[in-house]
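Residues per chain, in single letters:
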Amino acid sequence: MAWFKRDKDSIQSPVPPEERRVRTEGMWDKCPACRKIIWRKDLESNWQVCPKCEHHFKLGSAKRLELLLDDARWTEHDSELTSSDPLHFTDTRPYKQRLREARQKLGMNDAIVTAEGVLSGRQVICCAMEFGFIGGSMGAVVGEKVTRAIELAIARRCPLIIVSCSGGARMMEGTISLMQLAKVSGALARLDAAGLPYISVLTDPTTGGVTASYAMLGDLNIAEPGALIGFAGPRVIEQTIRQKLPDGFQRAEFLLQHGFLDAVVPRPQLKNYIASSLEFFLA
Amino acid sequence: MDMDHQKRALDNLEQDVEQLRKATGDALSRTDLERLRGDIAQLKREFYDNISPWQRTQLARHPGRPYTLDYVQHLLTSFHELSGDRSFADDPAIVGGFGWFRGRPVMLIGHQKGRDTKQRLARNFGQAKPEGYRKALRLMSLAAKFRRPILTLVDTPGAYPGMDAEERGQAEAIARNLREMMRLPVPILVTITGEGGSGGALAIAVGDRVHMLENSIYSVISPEGCASIMWRDATKAELAAGALRITPHDLENMGLIDRIVPEPEGGAHLDPAAAAQAVGDALERALAELGALSVADLLERRYQKFRRMGQFFADLA
């Protein structure tokens, strides 16, 4: 038994514990390139480009369309398509659950937005991939939406722009995902035959089946600075050749040097670059 | 391996019956004997029909399996191998050339693996580089120019994931093949003979008919690769092989391939000539069907064939 006892309740802190610290979380970001601390609002107002060193952060699909399309207005197509999990795929977690979580987190049904809008006064079909949705991977839904977008561009006789950001084909839909590469490429053959321009914008990262199909098939292939672009991912290559890859390997500048890109265009100039290219093709 | 064990047990059964016949002389009636043999044949068929996806993967990779040049030997006469992509090099992981197939001039292109260590290295284990895919496209365009049908044989673990391949545009080479194959104005017949490894396989597998040998696989990623990414453990490959649905029956059910070509009992490696015969018969029939189509019809059907693939989504609207 205790010798003495507190008569009153224990001492109350005047400030509840969750408010005792100055809350900085969510306000600041650290740039992985220059390691400087950036105020998040600055980053957002600069289209996710580091104001200090111009490192390009990933840009979400909605922001991407806002960047490219006039008055930040567009009509989205096929937004209601969602995967039916054809393989009933389960690894450490069911694919259905991964889909559900991605849908909740991002408020969209798969890894791409396909839209119709106006770019510098010109009607375009513009697609933007969303890396946050299962690594921007392409399964049946992405393949179908891109194919429909291409067919729409042909029907409307307007240019096509696809902004890629993807780890490649979606493993959880197996060979169905693989076949999307052929399906989309076939539609692009028709767009090509119809004499319509297709501008492919490759952003960080664009690898695997997306690079090996529509991302590399643009009339113009343009990339953002520093974007990782390749067929095999760097880790797979390192495992194959059993040595470390040199700095800058598979980066946009490297691909430009090796002849696979028309240009590397910084994000703030992207819209103007596309607009003037379309002007050249279609004026 | 578990499968070898079961296979041996079945072979032993056959021997047992033979011994039984010898031991009993005429005591065992002819009908009993026939019935026993029939039962064993049935058991064997069931065994090979029901091998697991992982076992089928092993068969697809069997080192004794016939490769493209073996099929050439069995199926073509006066074959001329053609080399080089006309811009960088000749890739020994893909071979191609023209020859006569059952009285018709055709262009044949396929992955080539090696038999021994030296050959395997020379063929880079059937993993093509951009120059291989560019060579394939060059030969296909040549075939189109002279209105010759194209036969492709697919057997690759995948496109080569190395530095040189990346530098020379592996992705671009594959992508271009996909687009161009979709509009080549001649029949294209694809047979997956072993491993259909992802983009590296698809790069010569866009066609009017896609056949698969009974013990072949066709996948977006190798079971090992899938296991190491999704389970973070490459030893879970057996599980991944099942989850990925890479067997001919699964793919036929999903509408991704057109025909399954039966193999000799136990696998193509036990009787390459019979396997080649079966592949050839399926190709001959398909060629006859496609020969009747106009070019416009052929291309429209090819487009629609792939256009329909993967209608596996729900419309929430």
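Quick notes on the rules
- Residues numbered from 1 in each chain as written.
- Chains lettered and ligands numbered in written order.
- Predicted model: local features only at pLDDT ≥ 70, side-chain atom pairs only at ≥ 80, totals over all residues.
- Heavy atoms only, no water.
- Pairing = 2+ DSSP bridges.
- Helix = DSSP H or I, 4+ residues; strand = E, 2+ residues; numbered from the N terminus.
- Contact = heavy atoms within 4.5 Å.
- Axes fitted to C-alpha atoms, helices over the stretch in contact; angles between N-to-C directions.
- Left-handed = near helix turned anticlockwise from the far one by under 90°.
- Nonpolar A, V, L, I, M, F, W, Y, C, P; charged D, E, K, R; others polar.
- Buried area = accessible area lost by both parts, 1.4 Å probe.
- Salt bridge = Lys/Arg side-chain N within 4 Å of Asp/Glu carboxyl O.
- Buried < 20%, exposed > 50% of the residue type's maximum accessible area, 1.4 Å probe, protein only.
- Phe/Tyr/Trp six-rings, centres within 6.5 Å; stacked < 30°, edge-to-face > 60°.
- Lys NZ or Arg CZ within 6 Å of the ring centre and 35° of its normal.
- Domains from an automatic or database assignment.
- Polar contact = N/O pair within 3.5 Å; in protein donor to acceptor, adjacent residues only side chain to side chain.
- Expected span 1.5 Å × (residues − 1).

A. Up close: the sheet that holds strand β8 (residues 198–206) of chain A. All names here are of chain A. Reading across from one edge, β3-β5-β6-β7-β8-β9-β10 is the order of the 7 strands in this open sheet, with mixed pairing throughout. Two strands in the sheet have a free side with no partner beyond their single neighbour: β3 (74–77) and β10 (263–264). Two strands pair when backbone bridges link them, and β3 and strand β5 (residues 112–119) are joined in this way by 4 bridges, in the antiparallel orientation. If you follow Glu 76 over to β5, its bridge partner there is Ala 115. Each of β3, β5, β6 (122–129) and β7 (160–166) is contacted by helix α4 (residues 140–156), which is oriented at about 25° to β5, the strand it contacts most.

B. Main features of the packing of helix α5 (residues 174–193) of chain A against helix α8 (residues 170–181) of chain B. Two elements in contact, α5 of chain A and α8 of chain B, have axes whose closest approach is 8 Å; the angle formed by their N-to-C orientations is 65°. Crossing hand, α5 of chain A versus α8 of chain B: right-handed. Taking contact as the criterion, the partners of Leu 181, Ala 182, Ser 185, Leu 188 and Ala 189 of chain A in α5 of chain A are, on α8 of chain B, Ala 175, Leu 178 and Arg 179 of chain B. Taken together, the residues of the contact of α5 of chain A with α8 of chain B sort by class into 6 nonpolar, 1 polar and 1 charged.

C. Summary view of the interface of chain B and chain A. With 51 residues of chain B in contact, the opposing surface of chain A contributes 60 residues. With both sides pooled, the region where chain B packs onto chain A buries about 4,800 Å², and carbon together with sulfur makes up 70% of that total. Remark: the boundary between chain B and chain A carries 4 salt bridges. Salt-bridge contacts for Glu 151 of chain A lead to Arg 307 of chain B; the nearest nitrogen and oxygen are separated by 2.8 Å.

D. A look at the pattern of salt bridges. Residues and elements named next belong to chain A. Inspection of the entire model under this criterion finds 48 salt bridges over all chains. We note a salt bridge from Glu 224 to Arg 267, for which the minimum N-O separation is 2.8 Å. Highlighted residues: Glu 224 in the loop between β9 (220–223) and α7 (234–241) and Arg 267 in helix α9 (residues 267–282), separated in sequence by 43 residues. Summarising the burial analysis for this pair, Glu 224 and Arg 267 share the class buried.

E. View of the packing of aromatic side chains. A complete count under the given rule lists 4 aromatic pairs over all chains for this structure. Their ring planes at 50° and their centres at 6.5 Å tell us that Phe 89 of chain A and Trp 231 of chain B sit as a pair that is tilted. With one member in each of two chains, Phe 89 of chain A in the loop between β4 (81–83) and α3 (95–106) and Trp 231 of chain B in helix α10 (residues 223–231) form a pair that bridges those chains. Grouping residues by exposure puts Phe 89 of chain A and Trp 231 of chain B together as buried. Directly above the ring of Phe 131 of chain A sits Lys 58 of chain A, whose terminal nitrogen or CZ lies 4.9 Å from the centroid. For Arg 190 of chain A, the ring lying beneath its charged end belongs to Tyr 303 of chain B, and the centroid distance is 3.7 Å.

F. Up close: the domain arrangement of chain A. All names here are of chain A. The domains assigned to chain A are domain 1 (1–7 + 22–57) and domain 2 (58–282). Listed per partner, the contact involves 5 residues of domain 1 and 10 residues of domain 2. Carbon and sulfur atoms make up 66% of the surface buried where domain 1 meets domain 2, a total of about 700 Å² over both sides. By the criterion of area lost to domain 2, the three top residues of domain 1 are Trp 47, His 56 and Phe 57, representing 83% of everything that side buries. There are 4 residue pairs in polar contact (both at pLDDT 80 or more) connecting domain 1 and domain 2.

G. Local environment of α5 of chain A. Residues and elements named next belong to chain A. Compared with the 28 Å implied by 1.5 Å per residue over 20 residues, the 30 Å span of α5 between its first and last C-alpha is a close match. Within α5, 17 of the 20 residues are buried, which leaves it mostly tucked inside the rest of the structure. Gly 195 occupies a position one or two residues after α5 and carries a positive phi of about 75°.

H. How the structure looks around the side chain of Asp 91 of chain A. Relative to the helices and strands, Asp 91 of chain A resides in the loop between β4 and α3. Classification of Asp 91 of chain A as buried rests on a relative accessible area of 8%. Within the local environment of Asp 91 of chain A, its side chain forms a polar contact with the side chain of Thr 92 of chain A, the two groups lying 3.1 Å apart. A polar contact is formed between the side chain of Asp 91 of chain A and the side chain of Arg 98 of chain A, at a distance of 2.6 Å. Those residues in contact with Asp 91 of chain A, other than ones at most four positions away along the chain, are Arg 98 of chain A together with Met 230 and Trp 231 of chain B.

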